[in-house]
Amino acid sequence: VKRKDGSVFYADVNSSPITLGGKNYLLGIFRDITERMKKEKELETEKKYVDVLMNSISDTLYIFDPSTGKPIRWNKAFNEISGYTNEEIKAMKAPDDYYSPEDLKRAGDAIAGVLKGEPAMVELSLIRKDGKTIPTEYSGSIIRDDDGNPKYIVAVGRSLTWRKKA
């Protein structure tokens, strides 16, 4: 909306027809949402920044809800190394769908430690979509909600393939 002074603001408009004195009018109520629009643009810029950052690293980055195993976010390196599509990853459960029973025990111990606030470093073999395994060293950390409760676990994985070959 353009003001008389030439300045512009974003508005949320609610309108409804009314009748006054036998004449029909359209009543419009404008609410200035300029600040909200600025914040949304800032958030969109921040999201783009985080997406570029996440996808610029060659290590896998995988964020999941520890209570359900539901994946929240992951980077392109995770897709490339695991061989799974975004749709397949969305339908899978972490860590259950990616590791052998032996590795799941170690993963469970690492998750329990992370939930207690302990740093985690664990070596697991990621099972790719094609069945091949990739020896991977993971570091884990926790994201808490505003009340300090565990919300997400962030797992960063580095392939140990070349190190093991050496």
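In this text the structure is predicted, and so the values were computed from the model without any measurement. (Residues numbered from 1 in each chain as written. Predicted model: local features only at pLDDT ≥ 70, side-chain atom pairs only at ≥ 80, totals over all residues. Heavy atoms only, no water.)

(A) Expanded view of the nonpolar core. Within the largest apolar cluster, 22 residues are counted, with the highest numbers of intra-cluster contacts made by Tyr62, Ile89, Tyr98 and Tyr138. Those residues in contact with isoleucine 89, other than ones at most four positions away along the chain, are Tyr62, Pro71, Trp74, Phe78, Asn79, Ser82, Tyr84 and Tyr98. (Core = buried A, V, L, I, M, F, W, Y, C linked by side-chain atoms within 4.5 Å. Buried < 20%, exposed > 50% of the residue type's maximum accessible area, 1.4 Å probe, protein only. Contact = heavy atoms within 4.5 Å.)

(B) Layout of the packing of aromatic side chains. Under the counting rule described, the total for this entry stands at seven aromatic pairs. Here tyrosine 98 and tyrosine 99 contribute two aromatic rings whose centre-to-centre distance is 6.4 Å and whose plane-to-plane angle is 65 degrees, an arrangement assigned as edge-to-face. Taking relative accessible area as the criterion, tyrosine 99 reaches 10% and is therefore assigned buried. Put simply, the rings of Tyr62, Phe64, Phe78, Tyr84, Tyr98, Tyr99 and Tyr138 pair up and form one aromatic cluster. (Phe/Tyr/Trp six-rings, centres within 6.5 Å; stacked < 30°, edge-to-face > 60°.)

(C) Highlighting the sheet that holds strand 4 (residues 71-74). A sheet is described by the order of its strands in space; here five strands give the open sequence 4-3-7-6-5, paired in antiparallel fashion. Unpaired on one side and paired on the other, strand 4 and strand 5 (120-127) mark the two borders of the sheet. Sheet twist, expressed as the mean angle between neighbouring strand axes with direction ignored, is 30 degrees. Its contacts with the sheet place helix 4 (residues 101-115) against strand 3 (60-64), strand 5, strand 6 (133-144) and strand 7 (150-159), and it is angled at close to 145 degrees to strand 5. (Pairing = 2+ DSSP bridges. Helix = DSSP H or I, 4+ residues; strand = E, 2+ residues; numbered from the N terminus. Axes fitted to C-alpha atoms, helices over the stretch in contact; angles between N-to-C directions.)

(D) How the structure looks around the environment of glycine 69. By the element assignment, glycine 69 lies in the loop between strand 3 and strand 4. Under the relative-accessibility criterion, glycine 69 is labelled buried at 2%. The residues contacting glycine 69, other than those within four sequence positions of it, are Phe64, Met92, Lys93 and Ala94.

(E) Quick peek at the pairing of strand 2 (residues 23-32). Bridge count between strand 1 (residues 11-20) and strand 2: 10 bridges; the pairing is antiparallel. By the bridge assignment, alanine 11 is partnered in strand 2 with aspartate 32. From the end of strand 1 to the start of strand 2, which pair antiparallel, there are two residues, and glycine 21 there has a positive phi angle of about 55 degrees.

(F) Representation of unusual backbone geometry in the model. A cis amide bond links alanine 94 to the next residue, proline 95, at an omega of -5 degrees. Along the chain, proline 95 falls in the loop between helix 3 (86-91) and helix 4.

Keep in mind that these numbers describe shape and distance, not what the molecule does.
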